[in-house]
Amino acid sequence: MTETAEAPFLPDRPRWAPLTLAGFVLLVVCTNVAGAFWARLLETNPETLLLLSSRNRYLVLALGADVSPLAYWAVGFARIALAFVVCHLIGRAYSTTALTWFIKYLGVTPEALQQFDRAFARAEWVIIPFFAGSNLIAALSGIRRTPPRRLAVLLSVGIAGRLVLIWWLAQIFEEELERFVGWLQRYSWWLVGISVVLVVLVNLRNFRKGAAG
């Protein structure tokens, strides 16, 4: 790990460091709730789904469920930005220690981590916008001390570009998307049951992997 993300030596973590971890845990809980109940929320309240998690698949499905434009653009942007900022601050506060958590709990290999880090060092201005939804890239931006103003610009460009691209594709395949969402809504409770089981299994696997490490 010494060859990855060579951040300046930090003798003391900032006093606000534990708040970043608390924020991350809260976001993970929200993402798990979305992962378990997305099918039902898609039918009853797609705005809440985007508030819980604005992953690409939820953005696409929410458009097919006639989510309000305000929720899609404002909530989608804010939710992606919030997750990135929280992970950025974790990187600033915990430096390379944060990277060991990605390996231990999230299944990132050391080789992949080093590749991302080298790419980030060479082309930060491309990596941040392109991976605006990546927790790992967000943490690397914090470890490497990306200036806040530059981070805000690059992140805004990346999120806006992602939202525009997804909206554009949804317009092109509007009929197909609406039919697919209609099918999902007919079987929403079955999908909720399957999703709950999958969320539990994934979290158990990550917990066991972390405990074994």
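Basis of the calculations
Residues numbered from 1 in each chain as written. Predicted model: local features only at pLDDT ≥ 70, side-chain atom pairs only at ≥ 80, totals over all residues. Heavy atoms only, no water. Phe/Tyr/Trp six-rings, centres within 6.5 Å; stacked < 30°, edge-to-face > 60°. Helix = DSSP H or I, 4+ residues; strand = E, 2+ residues; numbered from the N terminus. Buried < 20%, exposed > 50% of the residue type's maximum accessible area, 1.4 Å probe, protein only. Patch = residues over 30% accessible without salt bridge, like charges linked within 9 Å, V, L, I, M, F, W, Y side chains within 5 Å. Areas by Shrake-Rupley, 256 points an atom, 1.4 Å probe, with all protein chains shown as cover. Salt bridge = Lys/Arg side-chain N within 4 Å of Asp/Glu carboxyl O. Axes fitted to C-alpha atoms, helices over the stretch in contact; angles between N-to-C directions. Parallel < 35°, antiparallel > 145°, perpendicular 65-115°, else oblique. Left-handed = near helix turned anticlockwise from the far one by under 90°. Contact = heavy atoms within 4.5 Å. Core = buried A, V, L, I, M, F, W, Y, C linked by side-chain atoms within 4.5 Å.

Engineer: Teacher, can you tell me more about the packing of aromatic side chains here?
Structural biologist: When we look at a pair of aromatic rings, we describe it by the centre distance and by the angle of the planes. Using the criterion set out here, one finds 5 aromatic pairs in the structure. Ring geometry for Phe-180 against Trp-183: centres 6.3 Å apart, planes inclined by 15°, an arrangement best described as stacked. Placement of the pair is Phe-180 and Trp-183 together in helix 10 (residues 174-186), with a separation of 3 residues, close to one helical turn. Judged by relative accessible area, which is 42%, Phe-180 ranks as partly exposed.

Engineer: Honestly, a nonpolar patch on the surface in this entry has me stumped. Any pointers?
Structural biologist: Taken together, Val-25, Val-29, Val-33, Phe-37, Ile-194, Val-196, Val-197, Leu-198, Val-200, Leu-201 and Leu-204 make up a surface patch of nonpolar side chains, about 880 Å² in accessible area. Elements with a contribution of two residues or more to the nonpolar patch: helix 1 (17-44) and helix 11 (188-212). By residue number, the principal contributor to the nonpolar patch is helix 11, which donates 7 residues. By the secondary structure assignment, Val-200 is in helix 11. Residue classification places Val-200 among the partly exposed positions, given a relative accessible area of 44%.

Engineer: Help me out: how do you make sense of the packing of helix 3 (residues 56-64) against helix 9 (residues 148-172) in this one?
Structural biologist: Closest axis-to-axis distance for the helix 3/helix 9 pair is 10 Å, and the angle between their directions is 45°. With respect to helix 9, the axis of helix 3 lies oblique. As for the relative orientation of helix 3 and helix 9, their crossing is right-handed in sense. Contacts between helix 3 and helix 9 involve Asn-56, Leu-59, Val-60 and Leu-63 from the former and Arg-162, Leu-163, Ile-166, Trp-167 and Ala-170 from the latter.

Engineer: It is not clear to me how the nonpolar core should be interpreted in this structure. Could you clarify?
Structural biologist: Note that soluble globular proteins tend to have their nonpolar side chains buried in a common cluster. In this structure, Trp-38 and Leu-42 are the most contacted members of the largest nonpolar core, which totals 47 residues. No other element matches helix 9, which puts 7 residues into this core. Core analysis: the second largest hydrophobic core is formed by 8 residues, Leu-27, Ala-83, Val-86 and Tyr-94 among them.

Such coordinate-based values are descriptive only and should not be taken to indicate function.
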